[in-house]
Amino acid sequence: MGNRAGGRRSGPKCVAIVGPFASGKSTLFEAILARTGAIPRQNPISSGSTVSDSSAEAKAHAMSIEATVATTEFMGDAITLIDCPGSIEFAFEAEPVLAGCDVAVVVAEADEKKIPALQLVMRKLDELKVPRILFLNKIDKNAAAVRDTLKLLQPTSSTPLLLRQIPLRNNGVVVGSIDLALERAYVYREYAESEVTEIPSDEKARELEARFSMLETLADHDDQLMEQLLEEIEPPKDEVFDDLAADLREGLVTPVLIGTAEKGNGVLRLLKAIRHDAPDVQATAARLGVKPGSGTVVQVLKSIHTPHGGKLSVSRILEGAVTDGSELYGPGGASAKVSGIYRLLGKDQAKLASAKAGDTVALGKLDDIRTGDTLTPAKAGVKRLIELAPPQPVFSFALRPKERKDEVKMSAAIHRLADEDPSLTLQHNQDTGETVLSGHGEMHLRVVREKLEGRNQIPIDSHAPAIPYRETIKKSVTQRGRHKKQSGGHGQFGDVVLEIKPVPRGTGFQFTETITGGVVPRNYIPSVESGVRDFLKSGPLGFPMVDVAVNLSDGSYHTVDSSDMAFQMAAKLAMKEGAAACAPVLLEPIMKAEIFTPSDATARITALVPQRRGQILGYDARPDWPGWDVVEATMPQSEIGDLIIELRSATAGVASYRATFDHMAELTGRLADDVISAAGKAASKAA
Ligand SMILES: Nc1nc2c(ncn2[C@@H]2O[C@H](COP(=O)(O)OP(=O)(O)OP(=O)(O)O)[C@@H](O)[C@H]2O)c(=O)[nH]1
Ligand SMILES: [Mg+2]
């Protein structure tokens, strides 16, 4: 003991505050800033006048929608806090932040409904190998024994939840905490440092029991401590502290601290744990694969387009130093000159001349650098330390500015928003001619729209993206098409016989000819084919036609009046009359989806699928996801568009899905009539 990676480490720290929605992350963030003197007092979140995400959009929805960065100082060291949103729709915001931070503080509460959301957070930390401290918040409301709460939360964690403090109660009300490592009691005071007292005698037995259980967990990774426990020797406090620090850094345990962020209680113990026990920047750089002595390495955690000061790249200096004006290179040869280095406190910036390893600062005007990029001063060999891969979008809308003059402005604004939020995708759909924005939920996109209309002053029209319907035929017909015009001198003449027939689904279009005796001269056959193809762009129902075979079997020509144009016209005429007589039918795209849900909602999800004309293919336990299922289903694309809203509301916000195009299927009856008449109206409006 004592000789492990141990020892307590100071130096600048970068801390991500994460956790389920509304668990009190922003409240804790404010409480820490107030306690460390970065802000004069702790403002309640509901006041809206906080350092944490207080954008108009966040206020309107009473939730954080983006990560907020603030650097404060604690016991002479800089500590940067990054308050991340809890909603799954904004979860991707945390990913680049987590990659570059030393430790995550997971703010949780004793609420069964938020267990799956907590599980998602914990899995992400496991994936990125980020050490974590769990802050059990709202302890003022927690009537249950903390031990029972830990039993509830433990399944979300791959490492043991190691209780470091227990609540101190008076008549059932939590009035403070007992620190199990220090063996001291703290009586909470509102918005102030707790008062240290002796452990009350009637709490001593409870304290000893909890302390023993903490030591037992530590002994799992410390043989000497194990022996001491077996021989009932009291381990030295310093060695216990060393173990606590080493176990956190090595990711062997998840220490649990308790508190009431709203009243600033439990904040100081948390800060001390961060200062002493969290890994330092060297350890974090090593975790990310940075070789010691490799020169300056910078990781970009977040990009902000400020209204006046241009772009800011919130960055962690993992190794070396950055000075204002220096040139940095990103992956793929992107380069940029640092124009301004700032320490952030929410929206406030303080200018610095340089930043050193461990610091988290905003670098100005790195216009070609993106969130998640790794930067170095050497042009060659910049390697990304992390690959950001946003999950597949689950919600989309098509948008355009209400006024044409705003088109350029809108595209620039969306470009900035997508630069700030890499989980947003923008696509121009060739097929439907729409600009489609996709993201991670209805709220995610609603906020984008609000940002466009609010801060960018661009009124937007948005609607569900058009579904790429097709049509085909069910019967065969042989149809003649004759195009003949005699107007003045030169006439026009083309005459064809087309055999039109359906072919199996997915075949597309086939054109053949069985012309004998040159009744249609060779050089006009391609004209016939192009006439047919032109017609197929919009069949009798008004949609592109697929799975149709056309054979040119007969026809006639005129030596003077026949032309390329005339044969195209004749082919179109034949198709127009023929296709309508072939029993045309609408085809709709069907998607195959995997829906991921906590198991207790599986029944609700499987009931929901047929209501959306879907078909369950099967469901099973989600591999490697204890407590989750995956439901496989097919569903029409038109029904899957807003499926996520129902999925989320059935699962306290955590279900998700992944879908790919599967096949086209016939759509008949009223639904088909509605689609056809809507398309007809749209077409006549456009004409
Ligand atoms: N009782 C009690 N309520 C708290 C405590 N901390 C926060 N809250 C309340 O919990 C609610 C959510 O607080 P926030 O700090 O906005 O939570 P958040 O985790 O930042 O929420 P998102 O960022 O939207 O996920 C607010 O109404 C807070 O007043 C606490 O210690 N005790
Ligand atoms: Mg928040």
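Rules used in this analysis
- Residues numbered from 1 in each chain as written.
- Chains lettered and ligands numbered in written order.
- Predicted model: local features only at pLDDT ≥ 70, side-chain atom pairs only at ≥ 80, totals over all residues.
- Heavy atoms only, no water.
- Helix = DSSP H or I, 4+ residues; strand = E, 2+ residues; numbered from the N terminus.
- Buried < 20%, exposed > 50% of the residue type's maximum accessible area, 1.4 Å probe, protein only.
- Contact = heavy atoms within 4.5 Å.
- Areas by Shrake-Rupley, 256 points an atom, 1.4 Å probe, with all protein chains shown as cover.
- Lys, Arg positive; Asp, Glu negative; His and termini not counted.
- Charge placed at Lys NZ, Arg CZ, Asp CG, Glu CD.
- Near = heavy atom within 4 Å.
- Polar contact = N/O pair within 3.5 Å; in protein donor to acceptor, adjacent residues only side chain to side chain.
- Salt bridge = Lys/Arg side-chain N within 4 Å of Asp/Glu carboxyl O.
- Donors = N, O, S within 2.8 Å, 3.2 Å for Na, K, Ca; no water.
- Axes fitted to C-alpha atoms, helices over the stretch in contact; angles between N-to-C directions.
- Parallel < 35°, antiparallel > 145°, perpendicular 65-115°, else oblique.
- Pairing = 2+ DSSP bridges.
- 1 Å grid on protein atoms, 1.4 Å probe; cavity = no way out; pocket = protein on both sides within 12 Å on 5 of 7 lines; lining within 4 Å.
- Points joined across faces, edges and corners; volume = space filled by probe spheres on them.
- Nonpolar A, V, L, I, M, F, W, Y, C, P; charged D, E, K, R; others polar.

A.B. asks: Honestly, the overall build of the protein chain in this entry has me stumped. Any pointers?
C.D. replies: A tally of helices and strands in the protein chain yields 18 helices and 34 strands. By principal-axis analysis of the C-alpha atoms, the protein chain measures approximately 110 × 55 × 45 Å. By the burial criterion, 54% of the 687 residues in the protein chain qualify as buried. A separation threshold of at least 6 residues defines the contact pool for the protein chain, and within that pool the share at least 24 residues apart is 73%. Accessible surface computed for the protein chain: about 30,200 Å², of which carbon and sulfur atoms make up 52%. Charged side chains of the protein chain number 80 positive and 91 negative; the gap between the two group centres comes to 6 Å.

A.B. asks: What's the story with the site of ligand 1 in this structure? I'm lost.
C.D. replies: Close to ligand 1 lie 18 residues; Lys25, Ser26, Thr27, Ser64 and Glu262 are nearest. One nitrogen or oxygen atom from the main chain of Gly86 is found 3.1 Å from an oxygen atom belonging to ligand 1. In the environment of ligand 1, an oxygen atom lies 3.1 Å from a nitrogen or oxygen atom belonging to the side chain of Asn137. Coverage of ligand 1 by the protein amounts to 83% of the 650 Å² it exposes when considered alone.

A.B. asks: Just to check I follow, could you spell out the environment of Ala633 for this structure?
C.D. replies: Within the secondary structure layout, Ala633 lies in strand β33 (residues 628-636). Along the chain, Ala633 and Tyr557 lie 76 residues apart, while their C-alpha atoms are 54 Å from each other. Not counting residues up to four positions away in its chain, the partners in contact with Ala633 are Met591, Lys592, Ala593, Val609, Gln615, Ile616 and Leu617.

A.B. asks: Would you mind showing me how to read the pattern of salt bridges here?
C.D. replies: When their charged atoms lie close together, side chains carrying opposite charge are able to pair. This structure, assessed with the given rule, holds 48 salt bridges. Close ionic contact of Arg505 with Asp547 constitutes a salt bridge, the shortest N to O distance being 3.5 Å. Here Arg505 is found in the loop between β28 (492-502) and β29 (509-513), whereas its partner Asp547 is found in the loop between α13 (525-536) and β30 (548-556), with 42 residues between them in sequence. The exposure class of Arg505 is partly exposed, given its relative accessible area of 39%. In this structure, Asp674 and Arg670 form a salt bridge, with 3.7 Å as the shortest nitrogen-oxygen distance. Of this pair, Asp674 and Arg670 both sit in helix α18 (residues 669-686), 4 residues apart, roughly one helical turn. Judged by relative accessible area, which is 66%, Arg670 ranks as exposed. What you see here is one network of salt bridges that share partners, running through Glu183, Lys204, Glu207, Arg211 and Glu234.

A.B. asks: Honestly, the coordination of the magnesium ion (ligand 2) in this entry has me stumped. Any pointers?
C.D. replies: Six octahedral donors around a metal ideally sit at 90 or 180 degrees from one another, while four tetrahedral donors ideally sit at 109.5 degrees. Protein-derived coordination of the magnesium ion (ligand 2) comes from Ser26 (OG) and Ser64 (OG), at a distance range of 2.1 Å. One end of the pair, Ser26, is in helix α1 (residues 25-35); the other, Ser64, is in the loop between α2 (56-61) and β2 (68-74), and 38 residues separate them in sequence. Given a relative accessible area of 11%, Ser26 falls into the buried group. Residue classification places Ser64 among the buried positions, given a relative accessible area of 15%.

A.B. asks: Help me out: how do you make sense of the packing of α1 against helix α9 (residues 267-277) in this one?
C.D. replies: To describe two helices that pack against each other, one gives the angle between their axes and the distance between the axes. Contact geometry for α1 and α9: axes closest at 10 Å, N-to-C directions at 85 degrees. When the axes of α1 and α9 are compared, the pair comes out roughly perpendicular. Here α1 contributes Leu28, Ala31, Ile32 and Arg35 to the contact with α9, which in turn contributes Val267, Leu268, Leu270 and Leu271.

A.B. asks: Help me understand unusual backbone geometry in this model?
C.D. replies: Where the residue is not glycine, phi is negative for most of them; where a peptide bond is considered, it is trans in most cases. Here the phi dihedral of Ala62 falls at roughly 50 degrees; this positive angle occurs in a residue that is not glycine. Its place among the elements puts Ala62 in the loop between α2 and β2. Classification of Ala62 as exposed rests on a relative accessible area of 73%.

A.B. asks: Would you explain the pairing of strand β10 (residues 192-197) in this entry?
C.D. replies: The side chains of a regular strand alternate between both faces of the sheet. Relative to β10, strand β9 (residues 184-189) runs antiparallel, the two being bridged by 4 bridges. Considered in β10, the bridge of Tyr186 is made with Val196. Connecting the antiparallel pair β9 and β10 is a turn made up of 2 residues, with Tyr191 showing a positive phi of about 55 degrees.

A.B. asks: What is the right way to look at the sheet that holds strand β7 (residues 165-170) in this model?
C.D. replies: Hydrogen bonds between backbone atoms are what pair the strands of a sheet, whose relative direction is either parallel or antiparallel. With antiparallel pairing, the 4 strands of this open sheet are ordered in space as β7-β8-β9-β10. Each edge of the sheet is formed by a strand with only one pairing partner; in this case those strands are β7 and β10. The sheet shows a mean angle of 35 degrees between the axes of neighbouring strands, taken without regard to direction.

A.B. asks: Explain empty space enclosed by the protein here, please?
C.D. replies: Any space left empty among the atoms is revealed by the rolling of a water-sized probe across them. This model, assessed by the stated rule, comprises 3 cavities of 30 Å³ or more. Reported here for the largest cavity is a volume of approximately 170 Å³. Forming the walls of the largest cavity are 16 residues, and the residues nearest its centre are Ile65, Glu66, Glu93, Asp421 and Lys451. Those elements giving two or more residues to the lining of the largest cavity turn out to be α11 (407-420) and α12 (442-453). Among the elements that line the lining of the largest cavity, the one with the most residues is α12, at 4 residues. Class assignment for the residues of the lining of the largest cavity results in 7 nonpolar, 2 polar and 7 charged.

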